[in-house]
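Tertiary structure, described
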Amino acid sequence: MVDRVRKAVFPVGGMGTRFLPATKALPKEMLPVVDKPLIQYAVEEALAAGIEEFIFVTGRGKSAIEDHFDHSFELEKLLEGRGKERELLQVTELVLRPGQFAYTRQQEPLGLGHAVWCARELVGKEPFAVLLADDLVQSKTSCLKQMIDARAKVGGGSVVAVMDVPREHTQRYGIVKKGAENGSLVEVKGLVEKPEPALAPSTLSVIGRYILEPDVFDHLDRHEKGAGGEIQLTDALAKMIGNKPFHGLRFEGRRFDCGDKAGFLEANIAFALARPDLRDQVRQIVRSFA
């Protein structure tokens, strides 16, 4: 029987410099797509996949994230007094049971691998998910749920969400060296962080969704620096290949890179067009700029 994935880690300690000045005082994960912040979409995706415990790796100036998932008694009382039931539900539906949320701080911005390592004591010795809020996936079935289902089919191990990118973009991603393919599943034979296009083993890139075995902490414990002088999660994952099953999943859905301004704007349009209450207005607006 495959071990259940109960915990998810959300690395949210980054500075968000590409969105300055908006992120000077506002965490980038709190930037809204239509009317919900990016981090809420990530948490909702994890909830839909059956995740029970949520671990946030924060940094300085990230208290707005903690406040967002807590009660706001003054606001709730105001909405209740004014009979605004729909709005009241919107601000209370993600306030989960005490103990389901935990926060730990990444005191230095040393890379994604370091951020995940900071959660090691809270994760313990069980498989866990990692979700990057910058990567927003629009899909019928939660992207993480797709990954958990795929992991059950292959008997456990690690699973990463993958998609093909233009070869000239390989130096932006962790790139997979492909093994056998079975439908949407790809055996991962190797991983290279941000290779030059000419040296990339494929164009299949890892996006910000991972299901990992706790063994990854053994490699992250070494604090070895990789591309950009940072502790790269991809480098630790590469060392795990061959010990347990390791697959990439070509997920159903559309991924938006919300760490990029154009990708963020694209996500707002796509999610607004998917809303019956906004669809017609947004179409008219988009046409007016054509």
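Residues numbered from 1 in each chain as written. Predicted model: local features only at pLDDT ≥ 70, side-chain atom pairs only at ≥ 80, totals over all residues. Heavy atoms only, no water.

**Regarding the overall build of the chain**
Using the following cut-off: Strands are runs of DSSP state E lasting at least two residues, helices are runs of H or I lasting at least four, and both sets are numbered from the N terminus onward. For the exposure calls, accessible area comes from a 1.4 Å probe over protein chains only, and a residue counts as buried if that area is under 20% of its type's maximum, exposed if over 50%, partly exposed in between. In what follows, residue pairs with any heavy atoms lying within 4.5 Å of each other are defined as contacts. Here, Shrake-Rupley sampling with a 1.4 Å probe gives the accessible areas, and only protein chains in the shown set may cover a residue. For the purpose of charge, His is not counted, nor are the chain termini; Lys and Arg are scored as positive and Asp and Glu as negative. Every charge is mapped onto a representative atom, which is NZ of Lys, CZ of Arg, CG of Asp or CD of Glu.
Within the chain one finds 11 helices and 13 strands. Seen through its C-alpha atoms, the chain measures out along the principal axes to roughly 60 × 50 × 40 Å. Buried residues in the chain amount to 47% of all 290 residues. Here the analysis covers contacts within the chain between residues at least 6 apart in sequence; of these, 75% occur between residues at least 24 apart. As displayed, the chain has an accessible area near 14,900 Å², and 50% of this comes from carbon and sulfur atoms. Distance between charge centres in the chain, computed from 40 positive and 41 negative side chains, equals 3 Å.

**A short note on unusual backbone geometry**
Omega for the peptide link from Leu20 to Pro21 comes to 5 degrees, which places this bond in the cis form. Residue position: Pro21 is located in the loop between β1 (7-11) and β2 (32-33). Of note in the backbone geometry, Val34 takes a positive phi value of approximately 65 degrees without being a glycine. Looking at where Val34 falls in the secondary structure, it is placed in the loop between β2 and β3 (36-37). Positive phi outside glycine occurs at His223, with the angle close to 55 degrees.

**With respect to the confidence of the model for the chain**
Detailed reading of the predicted coordinates is not advisable wherever pLDDT is low. Our working definition: Across the chain, each position has a pLDDT score giving the predictor's confidence in that residue, from 0 to 100.
Averaged over all residues, the pLDDT of the chain equals 92, while 100% of them reach at least 70. When the elements of the chain are averaged for pLDDT, helix α4 (residues 85-92) gives the smallest value, 88, and strand β6 (residues 128-131) the largest, 98.

**Examining the packing of helix α10 (residues 261-273) against helix α11 (residues 279-288)**
This is how it is decided: To get an axis, a line is fitted to the C-alpha atoms, and for a helix only the part in contact is used. The angle between two axes follows their N-to-C directions and goes from 0 to 180 degrees. We call two directions roughly parallel when the angle between them is under 35 degrees, roughly antiparallel when it is over 145, roughly perpendicular when it lies between 65 and 115, and oblique otherwise. Side-chain classes follow a simple rule in which Ala, Val, Leu, Ile, Met, Phe, Trp, Tyr, Cys and Pro form the nonpolar group, Asp, Glu, Lys and Arg form the charged group, and the remainder, Gly included, forms the polar group.
Interaxial distance between α10 and α11 falls to 8 Å at its minimum, and their mutual angle equals 135 degrees. Relative to α11, the element α10 is oriented oblique. Contacts between α10 and α11 involve Ile269, Ala272 and Leu273 from the former and Arg279, Val282, Arg283 and Val286 from the latter. A class-by-class count of the residues in the contact of α10 with α11 yields five nonpolar, no polar and two charged.

**Let's talk about the pattern of salt bridges**
Where charged atoms of side chains with opposite charge meet at close range, the side chains can pair. Using the following cut-off: A side-chain nitrogen of Lys or Arg and a carboxyl oxygen of Asp or Glu constitute a salt bridge if their distance falls within 4 Å.
Counted under the stated rule, the structure contains 23 salt bridges. Of the charged contacts, one joins Glu181 and Arg250 as a salt bridge, the two residues approaching to 2.9 Å between their closest N and O atoms. Residue Glu181 is found in strand β9 (residues 174-182), and its partner Arg250 is found in strand β12 (residues 246-250); the two are separated by 69 residues along the sequence. Since its relative accessible area comes to 46%, Glu181 is described here as partly exposed. With a relative accessible area of 26%, Arg250 lands in the partly exposed category. Two residues, Lys244 and Glu213, come together in a salt bridge whose shortest N-O distance is 3.6 Å. One end of the pair, Lys244, is in the loop between α9 (233-240) and β12; the other, Glu213, is in the loop between β11 (204-212) and α8 (216-220), with 31 residues separating them in the sequence. With relative accessibility at 40%, the residue Lys244 sits in the partly exposed group.

**So, α10**
We apply this condition: How far a helix is expected to stretch is found by multiplying one less than its residue total by 1.5 Å.
Compared with an ideal rise of 1.5 Å per residue, which puts 13 residues at 18 Å, α10 spans 19 Å between its outermost C-alpha atoms and is within 8% of the ideal. Within α10, the full set of buried residues consists of Gly263, Phe264, Ala267, Ala270, Phe271 and Ala272. Contacts from the buried residues of α10 go to β2, α1 (38-48), β7 (135-138), β13 (254-257) and α11.

**A word on the packing of aromatic side chains**
We apply this condition: Put simply, two rings from Phe, Tyr or Trp (the six-membered ring, in Trp's case) pair if the centres are within 6.5 Å, and we call them stacked under 30 degrees between planes, edge-to-face over 60, tilted for the rest.
Counted under the stated rule, the structure contains 11 aromatic pairs. Ring geometry for Phe19 against Phe264: centres 5.5 Å apart, planes inclined by 80 degrees, an arrangement best described as edge-to-face. With Phe19 in the loop between β1 and β2 and Phe264 in helix α10, this pair connects stretches of sequence that are 245 residues apart. For the pair formed by Phe19 and Phe264, the shared burial category is buried. Arranged with centres 5.2 Å apart and planes meeting at 20 degrees, the rings of Phe54 and Phe101 form a pair that is stacked. Here Phe54, found in strand β4 (residues 53-58), pairs with Phe101, found in strand β5 (residues 101-105); they are 47 residues apart in sequence, far enough to count as distant. Taking the relative accessible area as the measure of exposure, Phe101 reaches 16% and is therefore buried.

**Regarding the packing of helix α3 (residues 73-81) against α4**
Using the following cut-off: By convention the crossing between two helices is left-handed if the near helix lies anticlockwise of the far one by an angle smaller than a right angle, and right-handed if it lies clockwise.
In the contact formed by α3 and α4, the axes pass within 8 Å of each other and the chain directions differ by 160 degrees. Comparing their axes, α4 and α3 come out roughly antiparallel. Relative to α4, the crossing made by α3 is left-handed. Residues Leu75, Glu76, Leu79 and Glu80 of α3 lie in contact with α4, whose contacting residues are Glu87, Leu88, Val91 and Thr92.

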